[in-house]
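Structural overview for review
Residues per chain, in single letters:
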Amino acid sequence: MKKYDYIVVGSGCAGLSAALELAVSKKKVLLIEQHNIPGGCATGFVRGRFEFDPSLHELCGVGSAENPGGTREIFNRYGVDVDWIEATDCFRVISKYSDGTAMDVTMPSGKDAFVDKMEYYVPGSKDAMLRFFDLMQNIDDGLAYLSSDNINPANIFKEYMPMVRSGGYNTTDVLNALCLPEKAKDILSVYWSYLGVDMDNLSFLHYASMVNSYVKFSAYFPKHTSHEISVKMAERLRELGGEIMMGCRAEEFLFSGDRCYAVRTNLGTFVAENAILANINPDIIFGRMIPPELVPAREKKLCDARKRKLGARMFTAYFGLNKTAEELGIKDYSIFFPQGSDSVAEYNSLKRISTNNYSIFLCYNVHNPDFSPEGTSVCSFTTMFTSSTDFDNLRQEDYYKLKTAMAKKFINTLKEKTGIDISDAIEEITIASPYTFARYLNAPEGAVYGYETREWDGIIARTIEMTMGLDYKVKGLYPIGTNGVRGDGYSSAYADGQIIAQKAMADSEKEGK
Amino acid sequence: MAMKFGVKSTAADIKKFTSLITNREAAIRKAKANDINPSFRINELARKYHPDYQKMIISEIISHEGADAKTFVFKKADGSEAAFFRAGQYVSVLLKIDGSLVTRPYSICSSPLEAKQGIVKITVRNVKDGFAAPYMLENFKIGDEIKISGPEGTFYYEELRDAENVIAIAGGSGITPFLSMAYAIRDGLEDFNLTILFGSRTEENILFRNELEAVAKECDKIKVVNVLSDEKKKGYENGFINAKLIKKYAPEGKYSIFMCGPEAMYRFAEKEIEKLGIEKKFIRRELLGVTKKVASLEDYPKEAAGKVFDVKVIIGENEYNIKANADEPVLAAIEKAGIPAPSRCRSGECGWCRSKLVSGNAYTPKENEGRRFTDIEFGYIHPCAAFPLSDMVIEVPGSYMK
Ligand SMILES: Cc1cc2nc3c(=O)[nH]c(=O)nc-3n(C[C@H](O)[C@H](O)[C@H](O)COP(=O)(O)OP(=O)(O)OC[C@H]3O[C@@H](n4cnc5c(N)ncnc54)[C@H](O)[C@@H]3O)c2cc1C
Ligand code: FES
């Protein structure tokens, strides 16, 4: 039996960054993955002459080489060189303002451009928008300070008071306190769906750290699907001496006393001298993969308190088109089609198949003409389902019909709202549903965002819990991923993998290993 | 200037902030320490429809004498439903033959409705100098236990992409996915007009002649035209399926062409279809498999032909040293050594066999290129469609169907 310092189970975004963090810290690492490709959500698939990205719209916090954001810094730290493409606009949204008038707005990235464009759409918004950005910057700096090594509590109250004073509130409350004009708030509400929690329940700190990063650092995506990111991370891990086993599924974690020391897989049992980091939902780890008597009571209670309130389940249709974006009249990388500006109403409508009329359209070729072969383009539509029981008893024959019906709805929405008609250009089509993600990722209910980051289970509460050491779990076993301190999204998962890997190493050191 | 911001009073705001953690603690404290239920409804259904593999029992064997083929009726061993599928999909059959561990893809020829009774049928036609097909035809008995994959492949009707009228071009055992499509149309699961141009050598050779006739009679959306290459007979078309014949049966306006048959048929039909000037998106072809004559491909590096190479195969902690012939895909060498390796389509497309080429070189025919962009850049191969050009070391993923 081979021994490793650390074993990382699952090569999703969090698993890959955790493995790299351990490897750059000169630890002997084994990364195992049940599939034959790394990445989890961050992958790519081929149909005909097209390669598709199943999940990534835009990656947060990359920034340019000269002005790197946190995500690019993680990649730089690991020596992973991705061919990034910048999405120069934040988004276009076609919807309705809360007063019922039509909204068709395109917001650029860059703080100044964003503020100016808002002033153009909503005259008189500028001062409040500047306050909004100042607040977001204070929060950014404050959160960075909180995760630095030497924290002086007095300093927090001195320098980062705006963060503290907004930190307990939901996004709606804070936008109101900023005295933003109604229409500006409507436009700013578009981002809620990236986090899957409506504005009334979304922690402002969570919202602000994402929005600030998107606007400040612009959004990026890799030239050749997220598979490019994941393969490059995996290859870098090999270079750093890490080992990878594909087609290797963890069945059970083995314990010596109360300490996890090994993982049993279809390819054998592997021992970790220090710890195992598992990129698996905690309910599956603690419900099925460790001896019941060793499951901490706190973990059971946390599960019970969450009441299975899982976050967004994606439903996505991918199209390979036999015309170019230009020929089809597609000019925007990403267009949001909400029903209106009330995120609470929207959130509720996404519980049922029959009332879900939301979608986000995306066309990679707009910024990356080489994304698909000459004369073609690739686009996708995504909606999500908030906790929904509609998928619990769907018959298979109805499932296929549902996929087609949803795809038709997407195509029609685009046509009605923009005049762009892709229906005659479809050469390849694939549709992924909550079942698809459940099967491929093992994510409960196919909820790729993990548990909803709302109220007491928001990321700030999770972070404080960890900082205070209240979250003590099981010796030698650390869950990583979207249920962690950073919540959902690629950038959050990369950060979580890194944070928890550092924590695991620090814990080991304390134990004298 | 330092920024100032507050929602309510300073005290209220600070209290609100600290309540984040006290609320979390309270929510957890109040909850019950029940055992965690790790099963989720959507995941259970997903596993049912996409199993690692399905354990089947051969419940019936039907011989098609003139066609040198047999239909094997598989029934789910535990009596449960078989994974539902789209008509046109295939299953991968796992076989242990004299120390080899191989898979073979076979289109499902039964109606998806039968999956609900746990039934999946495949039809195996004999292959001269074949390995798996003759073995199955000779050795499969009623009651044998067989492992098959879940449904795989994308060769099925897609309303949003395909034309309402589909001209199917079938050769020999290539009729199987179309038989399933015909049943699915009859059973109300699919809705399109299917005209099958079916090439056989002689009348006697026609596979499923009665079944096709019957289903065409039952449902007016289905039409079957038999085309005999080696025989002139009344009531049949004669010769090969060419552009003229397709035009004769094609409707006015748009139509899709779906092709499934032997390599020779594809090569002939593709040239004929070109003459029709149909948009590429309306031409769909079932997987090709890989060529038996790799050395005859234009861009093949001829100097490798006929050589035998040493290959080190790494799976997890295990290493195997095997020999591989230049004229066979690497996967074939792995299977001959009895090493369990994942595979499904065996045509380079599905990516199931994706492996890391640690050292050495391999040749992938253009027509089997189904790799992702970054995989090509970083030396990953699909061993089912990669021919060795040198000694090599490869890392192969573990397999769940073995
Ligand atoms: C999607 C799809 C659907 C299909 N559906 C049908 C269908 O419905 N009906 C039908 O009849 N056919 C169907 N086919 C074709 C069918 O899969 C092939 O005819 C069948 O695989 C032939 O298998 P074979 O082993 O007899 O021949 P081959 O695969 O040609 O046999 C030779 C192969 O076996 C290997 N081999 C030889 N000796 C050994 C050994 N000792 N150990 C291991 N390997 C060895 C060789 O290297 C070589 O690769 C389908 C094919 C595809 C791709
Ligand atoms: S088995 Fe499908 S690509 Fe190799």
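Residues numbered from 1 in each chain as written. Chains lettered and ligands numbered in written order. Predicted model: local features only at pLDDT ≥ 70, side-chain atom pairs only at ≥ 80, totals over all residues. Heavy atoms only, no water.

1. A look at the overall build of chain A
Scanning chain A from terminus to terminus reveals 19 helices and 18 strands. Relative to the 2.2 N^0.38 estimate, which gives 24 Å for 513 residues, the radius of gyration of chain A is 22 Å and therefore close to what a compact globule would have. For chain A, with 513 residues in total, the buried portion stands at 65%. When contacts within chain A are restricted to residue pairs at least 6 apart in sequence, those whose partners lie at least 24 apart make up 72%. In chain A, 56 positive and 67 negative side-chain charges are present, and the distance between their average locations comes to 4 Å. (Helix = DSSP H or I, 4+ residues; strand = E, 2+ residues; numbered from the N terminus. Rg over C-alpha atoms; globule rule 2.2 N^0.38 Å. Buried < 20%, exposed > 50% of the residue type's maximum accessible area, 1.4 Å probe, protein only. Contact = heavy atoms within 4.5 Å. Lys, Arg positive; Asp, Glu negative; His and termini not counted. Charge placed at Lys NZ, Arg CZ, Asp CG, Glu CD.)

2. Some points on the side chain of Ser-149 of chain B
All names here are of chain B. Summarising the element assignment, Ser-149 is placed in the loop between strand S6 (145-148) and strand S7 (165-171). Classification of Ser-149 by relative accessible area gives buried; the value is 0%. Within the structure, Ser-149 has its side chain in polar contact with the backbone nitrogen of Ser-92 (distance 2.8 Å). If we ignore the near neighbours within four places in the chain, the residues touching Ser-149 are Tyr-53, Gln-54, Val-91, Ser-92, Arg-344 and Met-401. (Polar contact = N/O pair within 3.5 Å; in protein donor to acceptor, adjacent residues only side chain to side chain.)

3. A word on the interface of chain A and chain B
Taken together, the contacts link 103 residues of chain A with 77 residues of chain B. Of the roughly 7,900 Å² buried where chain A meets chain B, counting both sides, 60% is carbon and sulfur surface. Looking only at chain A, the three residues that lose the most surface to chain B are Asn-36, Arg-165 and Tyr-169 of chain A, adding up to 9% of its buried area. When the shortest N-O distance is used, the salt bridge between Glu-465 of chain A and Arg-24 of chain B registers 3.1 Å. For the pair chain A and chain B, the number of links is 37 residue pairs in polar contact (both at pLDDT 80 or more). Top element by residues in the side of chain A that touches chain B is helix H13 (residues 297-306) of chain A. It accounts for ten residues. Of the residues that constitute the side of chain A that touches chain B, the class distribution is 50 nonpolar, 18 polar and 35 charged. (Buried area = accessible area lost by both parts, 1.4 Å probe. Salt bridge = Lys/Arg side-chain N within 4 Å of Asp/Glu carboxyl O. Nonpolar A, V, L, I, M, F, W, Y, C, P; charged D, E, K, R; others polar.)

4. With respect to the packing of helix H1 (residues 13-24) of chain A against helix H19 (residues 490-510) of chain A
All names here are of chain A. Taken N-terminus to C-terminus, the directions of H1 and H19 make an angle of 40°; their axes are 7 Å apart at the nearest point. When the interaxial angle is binned, H1 and H19 end up oblique. Note that H1 runs across H19; the crossing there is right-handed. Contact with H1, carried on its side by Cys-13, Ala-14, Ser-17, Ala-18, Glu-21 and Leu-22, involves Tyr-490, Ala-493, Tyr-494, Gly-497, Gln-498, Ala-501, Gln-502 and Met-505 of H19 and no other residues of that element. (Axes fitted to C-alpha atoms, helices over the stretch in contact; angles between N-to-C directions. Parallel < 35°, antiparallel > 145°, perpendicular 65-115°, else oblique. Left-handed = near helix turned anticlockwise from the far one by under 90°.)

5. Brief notes about the sheet that holds strand S14 (residues 318-325) of chain B
Residues and elements named next belong to chain B. Pairing is mixed in the open sheet, where five strands are placed in the order S14-S13-S19-S15-S17. Among the strands making up the open sheet, the edge pair consists of S14 and strand S17 (380-381). In the sheet, strand S15 (residues 355-359) pairs with strand S19 (residues 392-395) via three bridges, with the strands oriented antiparallel. Along S19, the bridge assignment pairs Ser-359 with Val-393. (Pairing = 2+ DSSP bridges.)

6. Examining the packing of H13 of chain A against helix H1 (residues 10-30) of chain B
For any two helices packed against each other, one specifies the crossing angle of their axes together with the interaxial distance. Interhelical geometry of H13 of chain A versus H1 of chain B gives an angle of 100° and a closest axis separation of 7 Å. The angle between H13 of chain A and H1 of chain B places the two elements in the roughly perpendicular class. Contacts between H13 of chain A and H1 of chain B involve Arg-298, Lys-301, Leu-302, Ala-305 and Arg-306 of chain A from the first element and Arg-24, Glu-25, Ala-27, Ile-28 and Arg-29 of chain B from the second. Partitioned by chemical class, the residues of the contact of H13 of chain A with H1 of chain B number four nonpolar, no polar and six charged.

7. Some points on the side chain of Lys-300 of chain A
On the secondary structure map, Lys-300 of chain A appears in helix H13. Apart from the residues within four sequence positions on either side, Lys-300 of chain A is in contact with Pro-292 and Val-295 of chain A together with Lys-32, Ala-33, Asn-34, Asp-35 and Ile-36 of chain B.

8. Considerations on the state of the cysteines
The full count for this structure, using the stated rule, is zero disulfides over all chains. Of all cysteine sulfurs in the structure, the one in Cys-260 of chain A sits closest to Cys-303 of chain A, which takes part in no disulfide; the separation is 19 Å. Here Cys-260 of chain B is not cross-linked by a disulfide; its sulfur's nearest cysteine counterpart is in Cys-109 of chain B, at 12 Å. Since its relative accessible area comes to 8%, Cys-260 of chain B is described here as buried. (Disulfide = S-S within 2.5 Å.)

9. Thoughts on the domain arrangement of chain A
Residue and element names in this part refer to chain A. Domain annotation for chain A reports domain 1 (3-41 + 66-83 + 224-308 + 451-510), domain 2 (109-216) and domain 3 (312-444). Every contact between the two is made by eight residues of domain 1 and, on the other side, ten residues of domain 2. For the pair domain 1 and domain 2, the summed buried surface comes to about 810 Å²; carbon and sulfur atoms form 49% of the total. For the pair domain 1 and domain 2, the number of links is one salt bridge. Notably, a salt bridge pairs Asp-198 with Arg-454, separated by 3.6 Å at the nearest N-O pair. Taken together, the connections running from domain 1 to domain 2 amount to one residue pair in polar contact (both at pLDDT 80 or more). Its residues assigned to classes, the side of domain 1 that touches domain 2 shows two nonpolar, one polar and five charged. (Domains from an automatic or database assignment.)

10. A word on a positive patch on the surface
A grouping of Lys-307 of chain A together with Arg-29, Lys-30 and Lys-32 of chain B is seen on the molecular surface, where their side chains present a positively charged patch. Here Lys-307 of chain A is to be found in the loop between H13 and strand S13 (313-321). Of the residues examined, Lys-307 of chain A reaches a relative accessible area of 62% and is grouped as exposed. (Patch = residues over 30% accessible without salt bridge, like charges linked within 9 Å, V, L, I, M, F, W, Y side chains within 5 Å. Areas by Shrake-Rupley, 256 points an atom, 1.4 Å probe, with all protein chains shown as cover.)

11. Points about the packing of aromatic side chains
Residue and element names in this part refer to chain A. Across all of its chains, the model carries 40 aromatic pairs over all chains by this definition. Seen in terms of ring centroids, Phe-221 and Tyr-333 are 4.8 Å apart; in terms of plane orientation they differ by 15°. Their pairing is stacked. Placement of Phe-221 in strand S8 (residues 219-222) and of Tyr-333 in the loop between helix H14 (325-328) and strand S14 (334-337) is noted, with a sequence separation of 112 residues between them. The two residues Phe-221 and Tyr-333 agree in class, both being buried. Look at Phe-391 and Tyr-435: their rings are 5.9 Å apart centre to centre, the planes differ by 75°, and that puts the pair in the edge-to-face class. (Phe/Tyr/Trp six-rings, centres within 6.5 Å; stacked < 30°, edge-to-face > 60°.)

12. Looking at the site of ligand 1
Residues and elements named next belong to chain B. Inspection of the region around ligand 1 gives 24 residues, with Ser-100, Ala-132, Thr-176, Lys-292 and Glu-328 positioned closest. Pro-105 is positioned such that a nitrogen or oxygen atom in its backbone is 2.8 Å from an oxygen atom of ligand 1. In this structure, Arg-125 approaches ligand 1 through a main-chain N or O atom, which is 2.8 Å from an oxygen atom. Relative to its free-state accessible area of 980 Å², ligand 1 is covered by the protein chains to the extent of 80%. Within the residue set of the shell around ligand 1, elements represented by two or more residues are strand S4 (100-107), strand S5 (119-125), helix H4 (132-139) and helix H9 (330-336). Of the residues forming the shell around ligand 1, the biggest block, six residues, is contributed by S4. For the shell around ligand 1, the residue count by class is twelve nonpolar, six polar and six charged. (Near = heavy atom within 4 Å.)

13. Regarding the sheet that holds strand S1 (residues 54-64) of chain B
Residue and element names in this part refer to chain B. Reading across from one edge, S4-S3-S6-S1-S2-S5 is the order of the six strands in this open sheet, with antiparallel pairing throughout. Across the chains shown, the open sheet's two edge strands, defined by having one partner strand only, are S4 and S5. Pairs of neighbouring strands in the sheet enclose a mean axial angle of 40°, with direction left out of account. In this structure, S1 lies alongside S6, joined through four bridges in antiparallel fashion. Along S6, the bridge assignment pairs Met-56 with Ile-146.

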